[in-house]
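# Structural description and commentary
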Amino acid sequence: DDVGGGSKIALLGPHGLWARLRLHQIDTDALWASICTVVLKSLAVVDDKMVYQPCCFEMFGYDILIDSDLKPWLLEVNASPSLGRETRLDVRVKNAMIADIIRLLDPAPYDR
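Residues numbered from 1 in each chain as written. Predicted model: local features only at pLDDT ≥ 70, side-chain atom pairs only at ≥ 80, totals over all residues. Heavy atoms only, no water.

### What to know about the overall build of the protein chain
Summing up its helical and strand segments, the protein chain has three helices and two strands in all. Each helix and strand of the protein chain, placed in order from N terminus to C terminus, yields the pattern α-α-β-β-α. A separation threshold of at least 6 residues defines the contact pool for the protein chain, and within that pool the share at least 24 residues apart is 32%. In the structure as shown, the protein chain presents an accessible area of about 8900 Å², 59% of it carried by carbon and sulfur atoms. (Helix = DSSP H or I, 4+ residues; strand = E, 2+ residues; numbered from the N terminus. Contact = heavy atoms within 4.5 Å. Areas by Shrake-Rupley, 256 points an atom, 1.4 Å probe, with all protein chains shown as cover.)

Structure, rendered in structure tokens:
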């Protein structure tokens, strides 16, 4: 089963969170926009505390709770989120995330 593991659930796919919410006529685009706003506000709050390092990047893991009124609440931000892949969902999500990071960074080809 690729639905999740423990308290995890995929966002996409026929059994993912977005599909489940759409069955209840919930506007997932609006919900996603609200979650993005929470993330951006959390980064704005600590912007002056973050050290600028032009040759580096950071990845943060966000734990968001969505209440019964569809309001997202920030539970915590992990500065070093786990890249462990204990479930099939972990493998799918984290492999895709690593591929996305490499695409975003667009490293120059290097041949020894």
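Moving on from the coordinates now.
### Describing helix H3 (residues 88–105)
Helix length check: H3 (18 residues) gives 26 Å between terminal C-alpha atoms against 26 Å at 1.5 Å per residue, within 8%. Buried within H3 we find Leu89, Asp90 and Lys94. What you see down the axis of H3 is that its buried residues fit within an arc of 100°, all on one side. In H3, the exposed residues that point more than 90 degrees away from the buried face are Arg88 and Arg103. Positive backbone phi, approximately 50°, marks Asp106, located one or two places after H3. (Expected span 1.5 Å × (residues − 1). Buried < 20%, exposed > 50% of the residue type's maximum accessible area, 1.4 Å probe, protein only. Arc of directions from axis to C-beta.)

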